[in-house]
Amino acid sequence: MASVGTRAFSLSSLQQSAKVKGPIVIIHSYCPKVPTVRKSLLSESPYCPKVPTVRKSLCNSMMPEGHFPLNQDRSRRMYKKRLLTMACIIPMMIGISFSAAELSRGGEVAGRGVTMKEFLRHRAQKAYAQWKREYNARITPEQIAAYQKRLRATFVQRIGGFPDRTPLNACITGTVQRQGFRVEKILFKSQPRHYVTAALFLPDAVQHEPPYPGVLVPCGHAVNGKASVPYQKACALLALNGIAALIVDPIDQGERVQLLARDGHAQRDSKGRPLVTGLGHTMVGIGSILLGRNTARFEIWDCMCGIDYLQSRPEIDPNRIGCMGNSGGGTQTGYLMALDDRIAAASPSCFVTNYFERIIDGAPHVGRSADAEYQVFGQLVWGMGHADLLMMRASSPVLICAATEDVCADINRTWATFRRAKRLYGRIGYAERVDLIEYDGRHGYSQPLREGAARWMSRWLRGVDQPVTEPAIKVLSGKEIQCTPDGQTMLLNDAKSVYDLNQDYERELAKSRERNWVERERDEQLSQVRDITGIRKLEELPMPKQQESDSIERPDYTITEMTFAREDGIVLKAKRFTPKKTATREAVLYVH
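Residues numbered from 1 in each chain as written. Predicted model: local features only at pLDDT ≥ 70, side-chain atom pairs only at ≥ 80, totals over all residues. Heavy atoms only, no water.

With that out of the way, let us pick up the overall build of the protein chain. Helix and strand counts for the protein chain stand at 16 helices and 14 strands. Per-residue burial over the protein chain gives 58% buried out of 592 residues. As presented, the protein chain carries roughly 24,600 Å² of accessible surface, and 50% of it is formed by carbon and sulfur atoms. (Helix = DSSP H or I, 4+ residues; strand = E, 2+ residues; numbered from the N terminus. Buried < 20%, exposed > 50% of the residue type's maximum accessible area, 1.4 Å probe, protein only. Areas by Shrake-Rupley, 256 points an atom, 1.4 Å probe, with all protein chains shown as cover.)

Strand order in the open sheet made by the nine strands is β2-β3-β4-β6-β5-β7-β8-β9-β10, with mixed pairing throughout. In this open sheet, the two strands that pair with only one neighbour each are β2 (171-178) and β10 (434-442). Ignoring strand direction, the axes of neighbouring strands in this sheet form an average angle of 20°. Alignment of strand β5 (residues 212-218) against strand β7 (residues 316-326), held across four bridges, turns out to be parallel. The residue of β7 that forms the bridge with Gly214 is Ile321. The strands that helix α9 (residues 295-312) touches are β2, β3 (181-191), β4 (194-203), β5, β6 (244-248), β7 and β8 (343-349); relative to β3, the one it contacts most, it runs at about 125°. Relative to the sheet, helix α10 (residues 328-339) contacts β5, β7, β8 and β9 (398-405), its axis offset from that of β8 by approximately 150°. (Pairing = 2+ DSSP bridges. Axes fitted to C-alpha atoms, helices over the stretch in contact; angles between N-to-C directions. Contact = heavy atoms within 4.5 Å.)

A few words now on the packing of helix α8 (residues 277-289) against α9. At a minimum axis distance of 8 Å, the contact between α8 and α9 shows a crossing angle of 115°. As the angle between them shows, α8 and α9 are arranged roughly perpendicular. On α9, the residues touching His281, Val284, Gly285 and Ser288 of α8 are Thr295, Phe298 and Glu299. (Parallel < 35°, antiparallel > 145°, perpendicular 65-115°, else oblique.)

The next point concerns the packing of helix α7 (residues 229-240) against helix α14 (residues 447-462). Relative to each other, α7 and α14 sit at 35°, their axes nearing to 10 Å. Seen from above, α7 lies across α14 with right-handed handedness. Where α7 approaches α14, its residues Pro230, Lys233, Ala234, Leu237 and Leu238 are matched on the opposing element by Arg450, Glu451, Ala454 and Met457. Along the lines of polarity and charge, the residues of the contact of α7 with α14 split into six nonpolar, no polar and three charged. (Left-handed = near helix turned anticlockwise from the far one by under 90°. Nonpolar A, V, L, I, M, F, W, Y, C, P; charged D, E, K, R; others polar.)

Generally speaking, soluble globular proteins have nonpolar side chains that are buried together. By size, the foremost hydrophobic cluster in this structure holds 65 residues, and its most contacted members are Phe155, Leu200, Leu216, Leu246, Ile300 and Leu389. It is α9 that provides the largest number of residues to this core, a total of nine residues. Contacts of Phe155, omitting those with residues within four sequence positions, involve Ile300, Tyr335, Leu339, Val376, Trp382, Met384, Leu389 and Met392. Counting 37 residues, the second largest nonpolar core, distinct from the first, contains Val215, Ala245, Ile247 and Met457. (Core = buried A, V, L, I, M, F, W, Y, C linked by side-chain atoms within 4.5 Å.)

So, about the packing of aromatic side chains. All chains considered together, the criterion is met by twelve aromatic pairs. Between Trp131 and Tyr135 the ring centres are 5.6 Å apart and the planes differ by 5°, which places this aromatic pair in the stacked class. Within this pair, Trp131 and its partner Tyr135 are both found in helix α5 (residues 116-137), separated by four residues, close to a single helical turn. Note on accessibility: Trp131 and Tyr135 belong to one class, buried. Between Trp415 and Phe418, the ring centres sit 5.6 Å apart and the planes meet at 80°, which makes this aromatic pair edge-to-face. Pair noted here: Trp415 and Phe418 are both in helix α13 (residues 411-427), with a separation of three residues, about one helical turn. The class for Phe418 is buried, based on a relative accessible area of 7%. Three or more aromatic residues joined by ring pairs make a cluster, and in this case those are Tyr128, Trp131, Tyr135 and Phe356. Over the ring of Tyr505 we find Arg293; its NZ or CZ atom is 4.0 Å from the centre of that ring. The side chain of Arg297 reaches across the aromatic face of Phe298, ending 5.3 Å from its centre. (Phe/Tyr/Trp six-rings, centres within 6.5 Å; stacked < 30°, edge-to-face > 60°. Lys NZ or Arg CZ within 6 Å of the ring centre and 35° of its normal.)

Our next topic: α14. Here α14 spans 21 Å end to end across 16 residues, near enough to the 22 Å set by a 1.5 Å rise per residue. Taken together, the buried positions of α14 are Leu449, Arg450, Glu451, Gly452, Ala453, Ala454, Trp456, Met457, Ser458 and Leu461. Of the residues trailing α14, Gly463 is marked for its positive phi of about 75°. (Expected span 1.5 Å × (residues − 1).)

On to unusual backbone geometry, then. With an omega of 5°, the peptide bond running from Pro210 to Pro211 counts as cis. Following the sequence through the fold, Pro211 ends up in the loop between β4 and β5. A cis geometry characterises the amide bond from Ala394 onward to Ser395, with omega recorded as 20°. Note that Ser395 resides in the loop between α12 (386-391) and β9. You will see that Asp252, though not glycine, has its phi angle at about 65°, which is positive. One non-glycine residue, Thr277, adopts positive backbone phi at about 45°.

This brings us to the pairing of strand β14 (residues 587-591). Where burial is concerned, the two faces of β14 differ: the one with Ala587, Leu589 and Val591 is buried and the one with Val588 and Tyr590 is not. Across four bridges, the pairing between strand β13 (residues 571-579) and β14 is antiparallel. Bridging from a neighbouring strand, Arg576 pairs with Leu589 of β14.

In this structure, Leu202 sits in strand β4. In this structure, the C-alpha to C-alpha distance between Leu202 and Val183, residues 19 residues apart in sequence, is 6.3 Å. When residues no more than four places from it in sequence are discounted, the contact partners of Leu202 are Phe181, Arg182, Glu184, Ala239, Ala244, Arg313 and Glu315.

Turning our attention to the pattern of salt bridges. Using the criterion set out here, one finds 27 salt bridges in the structure. Linking Arg152 and Asp341 is a salt bridge whose minimum nitrogen-to-oxygen distance equals 2.7 Å. Note that Arg152 is positioned in helix α6 (residues 141-158) and Asp341 in the loop between α10 and β8, a separation of 189 residues in sequence. For Lys496, the salt bridge is made with Asp504, and the minimal N-O distance between the two is 2.6 Å. Note on Asp504: relative accessible area 22%, which makes it partly exposed. It is possible to trace a salt-bridge network through shared partners that takes in Arg165, Asp308, Asp340 and Arg342. (Salt bridge = Lys/Arg side-chain N within 4 Å of Asp/Glu carboxyl O.)

Right under this line is the structure:
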């Protein structure tokens, strides 16, 4: 992994150039809150998920200081151990991972010095070229079936696998009647003590005779989750057309905020932003990454349990299940339709684009803090773009909903991805089962997209293909659609958050680590770490070319501008902070 090798040669060079004998702290420029980076990070083995050197503190590394889930008896000190291990995180955030052998071949981009960003984009280009070659060679139904099986298995493994199914213990906490449909407020458990809030929109039994088809509607990134007006209207529109719709609050949205303050509201970060929606998802993701998991794992599993619930209802046909969602809900729809064979028809909205090209071209939102569920570790290397999520569905019906002015999903890339999926569907004789509708508007679940998705569900789940027009709909208020007594699942007495679930899992891993250190040789364990992370031994790392330029004198220390050039051409800028007191000789290297 690139940043690990970078840290190793930076440390080695600093020791030689500065004659530093005491502790050294290397701080990466991506790291927030510099003082929280611990010195021990430099003297211990690099960290990576699911290997013996993962320390217990890492699973809670991104729990904000002073933020403590209610109803949990824990030590405050535990949540102040905030190690941000960039060695594991930086490549994951853009979906690329590399072995040592791959890194050693990077010189081909190095006629000049290149930045890490340029280097990673070049690797993305190579991965994309390989992806296109494999796509063009995938012709026969047998080849396509083998590809689908392989990619599904890899996808599940890379997000950390799924838990065992446990009783949902579902209950209806209230009912609201509207003209043409009724809404039942649902509370169930996707894992023991981990609550999910949802709303079930049911057709009028007089106008539409059960059993009905059932459609899962994952929420996009609305703070109020299932109470969001566009998502309620999408569900109501389905119910008015004879289809039951279950809308589920994702974690950190609606009634499922995972970190609550003492007043029962969402915790806030150091900038005063509530830890909800994307920010909340990413907070979950940092700790999950260190355990070999991803935020998407929790979202997907919650939705799969939502399908379990739909199939358990006597008025719903368990064999006619669909899935449709917008934006973040489109992401979840894309994941679910790729992984859950129970979904007979799907429609992701304002999501489908070309992930390879987004990275290569630096599209909008790339380079910003993207939600963790969008960043599946190494996915470009092992070959999963947005087109693959569609093609893993072949031959099941999929409708792409798109907006011409969508800043999150470039419309030209959406069309290109659609064409590739349609060609693959055509290779197995079902080209008509994948389609696209485009609306002249911005990112969002606009009425034309809701209507198009509802018609698609009606066509494939009811056998009725006719225009669907959305009437005026009176949606439920936030209070009316509330499932829990106090508006948050984490205020329930026995509730467990995703942080709790990660901590439980880390404890399981800790036991296996202890056994491994006793039963296996240390060198064997460290070799396993290197194999998983792609880290070469320190003695195998070529010494980088190092240059020093300007120095700035301060009363107690000197700041020296430095650059390091690796053997693969990557050039890193750095600042060395050297104290003037010779007794300690501690130094800090700030790497850009």
